[in-house]
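Residue-level listing of the chains:
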Amino acid sequence: MQRLPAFLKEHCTDADVARIIEGLMVACKDISYRLHLGALSGVMGSAEQENVQGECQKKLDVISNDLIKECLAAMPEVLGLASEEEPDPVACNAEGQYLVLFDPLDGSSNIDVNVTVGTIFSILKAAPGASGATAATYLQAGSEQVAAGYVLYGPSTTLMFSTGNGVHSFTLDPRIGEFLLLNDKVEIPETTSEFAINMSNQRFWLPQMQAYVADLLKGEEGPLGKRYNMRWIASMVAEIHRILTRGGIFMYPYDNRDPSKPGKLRLMYEGNPMSMLVEQAGGKASTGFDDITAIQPEAIHQRVSCIMGSAAEVSTVVGYHRD
Ligand code: AHG
Ligand code: MN
Ligand code: MN
């Protein structure tokens with residue numbers, strides 16, 4: 001089985017990007033180790049503070065953020081970083097050309113119940129002369145990403161990433177501390193009958209989303225003509241991993257619970273990187289109205305409606321929004 005460094009050398013045309021991905025994995029292996037020790041590592045529970053988005057941080061949100069930050073700050077290729085857990089972007093090395101945006105721990109409400117979580121990352125190239133400390137430097141559409149990926153900390157630790165030439169998956173062999181190639185071309189089946197959505201928000205969705213979900217719940221007798229199965233893990237990273245593995249549709253759509261947060265997920269740390277992976281694997285990613293990766297971001301912590309997965313099913317949902 002091929003090891004990650006050898007694979008990157010062969011398949012990643014940009015040596016800087018390859019080094020950033022390899023470097024990031026140093027922090028992710030550390031996070032994986034701590035997560036798998038669980039309560040024994042003394043890192044469970046709340047950090048008793050909130051992040052800039054008013055969400056309660058877990059100790060592991062803070063630890064993972066610090067580990068990744070430390071790792072990126074030491075890389076000469078990295079001009080700056082932006083994190084879900086940092087109020088503002090952080091400048092790293094003035095000679096670097098790349099920006100790394102990340103969700104250090106996705107699904108962190110699942111940590112204390114020993115359910116899968118993950119780290120999501122997105123890599124952008126900075127405009128010449130741009131500052132790593134300025135939010136404007138990072139406000140590029142998802143279609144500009146040079147790489148994106150996640151590390152899933154489940155029963156095994158999996159890396160899934162793309163540098164724009166398909167999606168590749170690796171599993172961490174903890175005995176040797178190396179990521180080994182599993183599948184160099186991950187593809188999402190075009191059709192599916194498995195959906196993931198937090199149904200408790202139903203009454204807050206747009207009428208178009210309500211209509212689609214009402215129709216799919218009608219099963220074989222309804223207009224969609226098939227019986228669906230539902231999954232909700234409350235870790236986007238685990239849902240997308242399932243979809244990249246066997247197909248499906250993941251939705252965290254617009255809702256009107258809080259007008260200041262139209263959609264829960266963050267465009268730069270969750271929406272864009274996951275959309276790149278889904279698209280590179282042959283699927284689609286939309287807000288319901290527009291392709292997620294076509295959105296011109298206006299703020300670093302901006303939120304977005306996410307509907308992504310098997311191409312035919314996402315097209316069906318987009319059809320409901322259009323009509
Ligand atoms: P994070 O832990 O980084 O804040 O992200 C959690 C996200 C996402 O992973 C998941 O799909 C969603 O929040 C779950 O939200 P609900 O608790 O509303 O179901
Ligand atoms: Mn998240
Ligand atoms: Mn998070």
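Our subject is the structure listed above.
Residues numbered from 1 in each chain as written. Chains lettered and ligands numbered in written order. Predicted model: local features only at pLDDT ≥ 70, side-chain atom pairs only at ≥ 80, totals over all residues. Heavy atoms only, no water.

Details of the pairing of strand β9 (residues 168–173)
Heads up, the condition is: In this scheme, a residue with accessible area under 20% of its type's maximum is buried, one over 50% is exposed, and one in between is partly exposed, where area comes from a 1.4 Å probe on protein chains only. Only DSSP runs of H or I with at least four residues qualify as helices, and only runs of E with at least two residues qualify as strands; both kinds are numbered from the N terminus onward. Think of it this way: DSSP has to see at least two bridges between two strands before they count as a pair.
Of all six residues in β9, five are buried, a share of seventy percent or more. The pairing of strand β8 (residues 157–162) with β9 spans four bridges and is classified as antiparallel. Residue pairing in the sheet places threonine 158 in a bridge with threonine 171 of β9. Once β8 ends, the chain turns through five residues before running back antiparallel as β9, passing glycine 164 with a positive phi of about 100°. Direction of pairing for β9 relative to strand β10 (residues 178–183): antiparallel, over a ladder of five bridges. Bridging from a neighbouring strand, threonine 171 pairs with leucine 180 of β10. Connecting the antiparallel pair β9 and β10 is a turn made up of four residues, with glycine 177 showing a positive phi of about 70°.

Remarks on the pairing of strand β7 (residues 147–153)
Taking burial as the measure, the seven residues of β7 include seven buried ones, the bulk of the element. Burial of the side chains of β7 extends over both faces: Ala147, Gly149, Val151 and Tyr153 are buried on one face and Ala148, Tyr150 and Leu152 on the other. Where strand β6 (residues 117–125) meets β7, seven bridges bridge the pair, whose relative direction is antiparallel. By the bridge assignment for β7, isoleucine 120 is matched with tyrosine 150. Pairing between β7 and β8: six bridges, direction antiparallel. Note on β8: the bridge partner recorded for leucine 152 is threonine 158. The hairpin formed by β7 and β8 contains three residues between the paired strands.

Some points on a nonpolar patch on the surface
Applied cut-off: Each patch is built from residues that are more than 30% exposed by relative accessible area and take part in no salt bridge. Like charges join if they lie within 9 Å; nonpolar side chains (Val, Leu, Ile, Met, Phe, Trp, Tyr) join within 5 Å. Accessibility throughout is a Shrake-Rupley quantity obtained with a 1.4 Å probe, and a residue counts as covered only by protein chains that appear here. Note on definitions: salt bridges are taken to be side-chain nitrogens of Lys or Arg within 4 Å of carboxyl oxygens of Asp or Glu.
On the surface, a nonpolar cluster with roughly 370 Å² of combined accessible area is contributed by Tyr33, Leu37 and Leu40. Tracing the chain through its elements places leucine 37 in helix α2 (residues 15–37). On the accessibility criterion, leucine 37 (35% relative accessible area) is partly exposed.

That's the geometry; what it means functionally is another story.
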